[in-house]
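# Residue-level structural notes
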Amino acid sequence: MTSERSNRAAVSEHLLAELEARAGDFASLADRIWEYAELGFSEKRSAADQIAILEREGFRIRDNIAGMPTAFVAEAGEGGPVIGFLGEFDALANLSQVPGLAEQKPLSADQPGHGCGHHLLGTGSALAAASVAATLKQQGLPGRVRYYACPAEEGGSGKVFMARAGAFDDLDAAFSWHPSSFWGVYASDTLAVIHAIFSFSGQSSHAAASPHLGRSALDAAELMNVGVNFLREHMLPEARVHYAFRDAGGIAANVVQASSALSYVIRAPNLSEVLSLFERVKDVGRGAALMTGTQVEIKVESGVSNVLPNSVLETLLDNQIQQIGGTPFTTQDFAIADTFAATFTTDQVRHSIRTFGGGIPARRSLHEGIVPFDGKPTRMPVSTDVGDVSWLTPTGRVWGPCYAIGTSYHSWQMVAQGKLAAAHKGMLQAARALALAGLNALGDPELLGRARLELEERRNGEPYVCPIPAEVSPALPA
Ligand SMILES: [Zn+2]
């Protein structure tokens with residue numbers, strides 16, 4: 001037993017040395033992806049650079065997964081169980097920002113920026129995969145490791161299309177992380193979501209001379225929104241419904257508008273609840289069409305399932321985080337983070353700590369410690385396509401401490417901090433936890449069995465149903 005334990009410690013040490021040896025190359029890769037700042041499904045250069053580095057590491061590449069040119073799976077190793085590290089690398093529109101500057105200033109107007117840290121997310125996961133693969137090879141251990149390059153997390157549901165194509169079906173476990181202001185296990189469930197477009201068509205007419213001949217699609221859209229606002233009182237308290245006008249019919253007030261379109265985003269704790277709420281929203285849309293003598297066409301654009309947390313994998317990840325310890329930020333890291341902290345309101349800092357930090361005191365601008373893990377998931381009222389992976393294979397995640405405490409997601413401050421030394425340190429911490437947990441899981445079939453059993457229990461007999469209908473394909477750019 002003792003020799004087995006010391007052998008395991010030696011292998012872990014070897015793994016961390018492999019990771020350290022690659023840290024510089026992967027930090028440069030993250031910086032390049034930050035600079036490319038490519039939107040979902042257009043991440044061509046970001047994907048090509050990841051493929052190049054993983055091919056050099058001896059990975060076998062399968063690309064164009066589910067018909068998405070920037071989706072690929074890289075695999076290394078032979079035999080044994082299969083574990084996967086999930087990566088993302090898409091940027092957000094109109095968030096270009098000068099790096100390192102604590103003042104809002106675009107690098108170039110109207111350009112995208114990495115406002116959710118996905119340049120670090122994909123790179124950190126790829127680094128974990130490369131380090132595990134090198135260790136398996138060097139130690140002659142069985143097991144396969146995969147890096148999943150998942151495009152368009154921001155609204156494109158890349159992982160859902162990969163799930164629909166069966167890309168995760170033979171995985172024994174998946175690991176991922178998200179850049180954050182905190183270091184610890186990311187044990188929360190999220191909301192399932194459906195994105196749908198409601199298009200109304202009516203009859204145009206002169207609004208003064210012959211209004212009785214017109215059938216207003218704009219009226220239908222307005223009535224639908226009013227109807228949904230009344231529906232809110234009678235839905236689950238955790239549910240969310242948001243809308244936006246895609247088409248208001250035109251700018252001429254003296255014309256009866258013949259077309260309109262609304263974008264609806266509907267969220268609920270799980271997929272069956274979101275689907276039943278969606279049916280009620282559809283009824284409101286049909287009612288609005290009936291009231292106005294117009295027609296409505298309803299199209300699902302995308303959707304994701306809720307995340308099923310996995311306490312077996314989360315406990316495994318927490319054990320690694322405890323061994324790795326806190327993050328060694330320098331005086332210089334704190335000095336820069338302080339300049340960003342000065343741009344946050346007290347409410348932003350409080351919200352950040354309440355959501356991610358589990359009540360840790362924020363006396364400093366960066367998180368040096370570890371968020372305590374109590375084994376219980378919290379609910380986050382957001383949605384992610386990691387949800388669909390978590391229905392198919394046990395999935396565990398961590399937060400990496402990359403940004404000043406109080407940094408909002410999708411903000412210029414997050415873009416600005418994306419290439420700082422602190423961001424690289426947070427990414428390395430996450431990669432270490434993921435790599436150690438992945439290597440441990442590969443050598444522990446009993447643990448993988450328990451993780452699978454927990455998944456079955458959480459699914460509670462429900463089969464995985466893809467939230468995106470079979471006829472809907474990825475929204476690739478023209
Ligand atoms: Zn994100």
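Note that the coordinates shown come from a computational prediction; the quantities given were computed from them, not determined experimentally.

The subject of this paragraph is the overall build of the protein chain. Of the regular secondary structure elements, the protein chain holds 13 helices and 13 strands. Relative to its length of 478 residues, the protein chain is compact, with a C-alpha radius of gyration of 24 Å against a globular reference of 23 Å. In terms of principal-axis extent, the alpha carbons of the protein chain reach across some 90 × 50 × 40 Å. Burial status across the protein chain gives 55% buried among its 478 residues. A fraction of 82% describes how many contacts in the protein chain between residues 6 or more apart in sequence connect residues 24 or more apart. Of the roughly 19700 Å² that the protein chain leaves accessible, carbon and sulfur atoms contribute 52%. Taking the 38 positively charged and 51 negatively charged side chains of the protein chain as two groups, their mean positions are separated by 1 Å.

We now examine the coordination of the zinc ion. Note on the zinc ion: its protein donors are C116 (SG), H118 (NE2) and H178 (NE2). The metal-donor distances range over 2.1 to 2.3 Å. Look at where the donors of the zinc ion fall in the sequence and you get C-x1-H-x59-H. Exposure remark for H118: the relative accessible area of 0% places this residue in the buried category.

This next bit is on the packing of aromatic side chains. Taken as a whole and assessed by the stated rule, the structure comprises seven aromatic pairs. Where F85 meets F175, the ring centres are 6.0 Å apart and the plane angle is 35°; that geometry is what we call tilted. Taken together, the positions of F85 in strand β3 (residues 82-87) and F175 in strand β5 (residues 173-180) put the pair 90 residues apart, joining distant regions of the chain. By the burial criterion, F85 is buried, and F175 matches it.

The next thing to look at is the domain arrangement of the protein chain. Entries for the protein chain in the domain assignment read domain 1 (2-190 + 306-459) and domain 2 (192-303). The C-alpha-based centres of domain 1 and domain 2 are spaced at 37 Å. Sorting the residues of domain 1 by area buried against domain 2 places N306, R379 and S383 first, and these three jointly supply 53% of that buried surface. Run the count over domain 1 and domain 2 and you get zero salt bridges. On inspection of domain 1 and its partner domain 2, the count reaches four residue pairs in polar contact (both at pLDDT 80 or more). Looking at the side of domain 1 that touches domain 2, its residues break down into three nonpolar, five polar and one charged.

Before going further, it helps to spend a moment on the packing of helix α7 (residues 311-324) against helix α13 (residues 445-459). For any two helices packed against each other, the geometry is given by the interaxial angle and the distance between the axes. The contact between α7 and α13 brings their axes to 8 Å, and the two run at 135°. In terms of axis orientation, α7 runs oblique to α13. Along the contact surface, α7 presents S311, V312, L313 and L316, while α13 presents L447, R450, A451 and E454. Looking at the contact of α7 with α13 residue by residue, the classes come out as five nonpolar, one polar and two charged.

Now for the nonpolar core. One finds F59, F85, V132, V145, Y147, F175 and W177 to be the most contacted residues of the largest nonpolar core, which totals 63 residues. Per-element accounting of this core gives the leading share, 13 residues, to helix α12 (residues 421-442). In this structure V145 touches F59, A74, E75, A76, I83, F85, A129, V132, A133 and L136, once residues within four positions along its chain are discounted. Among the nonpolar cores identified, the runner-up in size contains 30 residues, and A163, A167, L392 and I468 belong to it.

We now examine the pairing of strand β10 (residues 259-268). For β10, the tally of buried residues reaches nine of ten residues, placing the bulk of the element in the interior. Relative to β10, strand β8 (residues 192-201) is paired through ten bridges, and the arrangement is antiparallel. Its bridge partner lying in β10, A192 is registered against A268. Where strand β9 (residues 240-247) meets β10, seven bridges bridge the pair, whose relative direction is antiparallel. Paired with A244 across the strands is S263, a residue of β10.

Analysis parameters
Residues numbered from 1 in each chain as written. Predicted model: local features only at pLDDT ≥ 70, side-chain atom pairs only at ≥ 80, totals over all residues. Heavy atoms only, no water. Helix = DSSP H or I, 4+ residues; strand = E, 2+ residues; numbered from the N terminus. Rg over C-alpha atoms; globule rule 2.2 N^0.38 Å. Buried < 20%, exposed > 50% of the residue type's maximum accessible area, 1.4 Å probe, protein only. Contact = heavy atoms within 4.5 Å. Areas by Shrake-Rupley, 256 points an atom, 1.4 Å probe, with all protein chains shown as cover. Lys, Arg positive; Asp, Glu negative; His and termini not counted. Charge placed at Lys NZ, Arg CZ, Asp CG, Glu CD. Donors = N, O, S within 2.8 Å, 3.2 Å for Na, K, Ca; no water. Phe/Tyr/Trp six-rings, centres within 6.5 Å; stacked < 30°, edge-to-face > 60°. Domains from an automatic or database assignment. Buried area = accessible area lost by both parts, 1.4 Å probe. Salt bridge = Lys/Arg side-chain N within 4 Å of Asp/Glu carboxyl O. Polar contact = N/O pair within 3.5 Å; in protein donor to acceptor, adjacent residues only side chain to side chain. Nonpolar A, V, L, I, M, F, W, Y, C, P; charged D, E, K, R; others polar. Axes fitted to C-alpha atoms, helices over the stretch in contact; angles between N-to-C directions. Parallel < 35°, antiparallel > 145°, perpendicular 65-115°, else oblique. Core = buried A, V, L, I, M, F, W, Y, C linked by side-chain atoms within 4.5 Å. Pairing = 2+ DSSP bridges.

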